[in-house]
Amino acid sequence: MELTPIKFLFLDVGGVLLTNGWGHESRQRAAETFGFDYSEMDVLHDFIFDTYEMGRITLDEYLNTVIFNKPRDFTREDFKSFMFAQSLELPQMLEWLVEWKKANPHIRIMSINNEGRELNEYRIKKFKLHRCFDAFISSCEVGMRKPDPGIFRLAMGLAQVRPEECLYFDDRLMLVGAARRLGIQALHHQTFEATKAILEKLNQEPINLHEFNGRNEV
């Protein structure tokens, strides 16, 4: 199976271009910073966060369940500011991708990401993600989360491409596997250098997916 011709590049955002929006490390830092019980918070988070990421509830409703279910000695706005501040640009990848897109205008780029609406909108605006993405398939807007195959099918339908015309990168092997089961050419993003090397080859000689599968097995 060859990686060319590729018409659409699908990318995850958290773990590829940016840090995760509200991952367990950020939640642990929040517990230490604001002085609440992380394990208690994490149980409630696991119970409701998928609902938030699918756009069924707002960030305030999520926080009402997970944090502000009891009196706190900190404000909601201070906590939300802390949440947003956890989003950081990962080294090199985003700025390089912006330039790569300019050099490869024939390849469209679409995100397929799990993100709650307020965090998603903040990250798109803060890091100017429109510079590299032509469209965003975000869980909060489409009501589906990866690894639901429906979110990948929706992306391909909107792009009007066949699975073999897509290349998808995700930092989570489980989600790479979910895309591969639909026939999408999916690879595990592990380092900037490795992903950069693959993308730079797209306009050169045809490259075979099996060349990279040895270090990308699910």
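Below is a short write-up of the structure. Everything quoted here is computed from the prediction, not taken from an experiment.

Parameters at a glance
- Residues numbered from 1 in each chain as written.
- Predicted model: local features only at pLDDT ≥ 70, side-chain atom pairs only at ≥ 80, totals over all residues.
- Heavy atoms only, no water.
- Helix = DSSP H or I, 4+ residues; strand = E, 2+ residues; numbered from the N terminus.
- Rg over C-alpha atoms; globule rule 2.2 N^0.38 Å.
- Buried < 20%, exposed > 50% of the residue type's maximum accessible area, 1.4 Å probe, protein only.
- Areas by Shrake-Rupley, 256 points an atom, 1.4 Å probe, with all protein chains shown as cover.
- Lys, Arg positive; Asp, Glu negative; His and termini not counted.
- Charge placed at Lys NZ, Arg CZ, Asp CG, Glu CD.
- Polar contact = N/O pair within 3.5 Å; in protein donor to acceptor, adjacent residues only side chain to side chain.
- Contact = heavy atoms within 4.5 Å.
- Phe/Tyr/Trp six-rings, centres within 6.5 Å; stacked < 30°, edge-to-face > 60°.
- Pairing = 2+ DSSP bridges.
- Axes fitted to C-alpha atoms, helices over the stretch in contact; angles between N-to-C directions.
- Disulfide = S-S within 2.5 Å.
- Salt bridge = Lys/Arg side-chain N within 4 Å of Asp/Glu carboxyl O.

## Points about the overall build of the protein
Phase 1: Assigned secondary structure in the protein consists of eleven helices and five strands.
Phase 2: Scaling as 2.2 N^0.38, a compact globule of 218 residues should have a C-alpha radius of gyration of about 17 Å, and the protein matches this with 18 Å.
Phase 3: Reported as C-alpha extents along the three principal axes, the dimensions of the protein are approximately 60 × 30 × 30 Å.
Phase 4: By residue count, 50% of the 218 residues in the protein fall in the buried class.
Phase 5: Just so you have it, the protein exposes about 10,400 Å², and 52% of that area is on carbon and sulfur atoms.
Phase 6: Each charge class in the protein can be summarised by its mean position, and for the 27 positive and 33 negative side chains these summaries are 3 Å apart.

## As for the side chain of Asp-12
Phase 1: Along the chain, Asp-12 falls in the loop between β1 (8-11) and α1 (24-34).
Phase 2: With a relative accessible area of 7%, Asp-12 lands in the buried category.
Phase 3: There is a polar contact of 3.1 Å between the side chain of Asp-12 and the side chain of Lys-146.
Phase 4: In this structure, Asp-12 is in contact with Leu-17, Ile-112, Asn-113, Lys-146, Tyr-168, Phe-169, Asp-170 and Asp-171, ignoring residues within four places of it in sequence.

## What about the packing of aromatic side chains?
Phase 1: In total, this model carries 18 aromatic pairs according to the counting rule given.
Phase 2: With a centroid separation of 6.3 Å and an interplanar angle of 85 degrees, the aromatic rings of Phe-68 and Phe-79 are classed as edge-to-face. Of this pair, Phe-68 sits in the loop between α3 (59-66) and α4 (76-85) while Phe-79 is found in helix α4, placing the two residues eleven residues apart along the sequence. Phe-79 shares its class with Phe-68; the two are buried.
Phase 3: Counting every residue linked through ring pairs, the aromatic cluster contains Trp-22, Phe-34, Phe-36, Phe-68, Phe-74, Phe-79 and Phe-82.

## Considering the sheet that holds strand β2 (residues 108-113)
Phase 1: Pairing is parallel across the open sheet formed by five strands, whose spatial order is β3-β2-β1-β4-β5. Unpaired on one side and paired on the other, β3 (135-138) and β5 (185-188) mark the two borders of the sheet. Ignoring strand direction, the axes of neighbouring strands in this sheet form an average angle of 20 degrees.
Phase 2: Note: strand β4 (residues 166-170) against β5, four bridges, orientation parallel.

## Points about the state of the cysteines
Phase 1: Using the criterion set out here, one finds zero disulfides in the structure.
Phase 2: Considering cysteine sulfurs only, Cys-132 is the nearest to Cys-140, which forms no disulfide, with 17 Å between them.
Phase 3: For Cys-140, a relative accessible area of 3% puts it in the buried group.
Phase 4: Not part of a disulfide, Cys-166 finds its nearest cysteine sulfur in Cys-132, a span of 17 Å.

## Side note on the side chain of Arg-27
Phase 1: Inspection of the secondary structure puts Arg-27 in helix α1.
Phase 2: Overall, the relative accessible area of 6% leaves Arg-27 in the buried class.
Phase 3: At 2.9 Å, the side chain of Arg-27 forms a polar contact with the side chain of Asp-42.
Phase 4: Not counting chain neighbours up to four residues away, the residues in contact with Arg-27 comprise Trp-22, Tyr-38, Met-41, Asp-42, His-45 and Tyr-62.

## Remarks on the pattern of salt bridges
Phase 1: A complete count under the given rule lists 19 salt bridges for this structure.
Phase 2: In this structure, Arg-76 engages Asp-60 in a salt bridge whose closest nitrogen and oxygen atoms are separated by 3.3 Å. Residue Arg-76 is located in helix α4, and its partner Asp-60 is located in helix α3; the two are separated by 16 residues in the primary sequence.
Phase 3: Arg-76 sits in the partly exposed class, given a relative accessible area of 25%.
Phase 4: When salt bridges with common partners are traced through the structure, they connect Lys-7, Arg-162, Glu-164 and Glu-165 into a single cluster.

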